[in-house]
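If you want the building blocks of each chain, they are given just below.
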Amino acid sequence: MQIPEKTAEHDRRFHQELICAGENQLLVAVMESLSGLCEEEIAHVQKEAKMRTGVRSMKKS
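Residues numbered from 1 in each chain as written. Predicted model: local features only at pLDDT ≥ 70, side-chain atom pairs only at ≥ 80, totals over all residues. Heavy atoms only, no water.

With that settled, the discussion passes to the pattern of salt bridges. Applying the stated criterion to the full structure yields three salt bridges. A salt bridge links arginine 12 to glutamate 9; the shortest N-O distance between them is 3.2 Å. In this pair, arginine 12 and glutamate 9 both sit in helix α1 (residues 5-60), three residues apart, roughly one turn of the helix. Arginine 52 is paired through a salt bridge with glutamate 48; the nearest N and O atoms lie 3.5 Å apart. Here arginine 52 and its partner glutamate 48 are both found in helix α1, four residues apart, which amounts to about one turn of the helix. Residue classification places arginine 52 among the partly exposed positions, given a relative accessible area of 47%. Residue class for glutamate 48 comes out partly exposed when judged on its relative accessible area of 32%. (Salt bridge = Lys/Arg side-chain N within 4 Å of Asp/Glu carboxyl O. Helix = DSSP H or I, 4+ residues; strand = E, 2+ residues; numbered from the N terminus. Buried < 20%, exposed > 50% of the residue type's maximum accessible area, 1.4 Å probe, protein only.)

Here it is as structure tokens:
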């Protein structure tokens, strides 16, 4: 039994849409993860800067 060409084309398009949706979900997950890492790094750098400023203030006293 052969699949009609219309159905086969529909299946190919549907399969391609699923792949694109999966790729988009993966990209969103990666971007969210990177965003979280950047926020953590910014917080870490800010904390270090505050600590250095506090150390300098103590040395001046």
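Turning to a nonpolar patch on the surface, a few remarks are in order. On the surface, Leu26, Val30, Leu34 and Leu37 cluster together to form a nonpolar patch covering roughly 370 Å² of accessible area. With respect to the element layout, leucine 34 can be found in helix α1. Since its relative accessible area comes to 47%, leucine 34 is described here as partly exposed. (Patch = residues over 30% accessible without salt bridge, like charges linked within 9 Å, V, L, I, M, F, W, Y side chains within 5 Å. Areas by Shrake-Rupley, 256 points an atom, 1.4 Å probe, with all protein chains shown as cover.)

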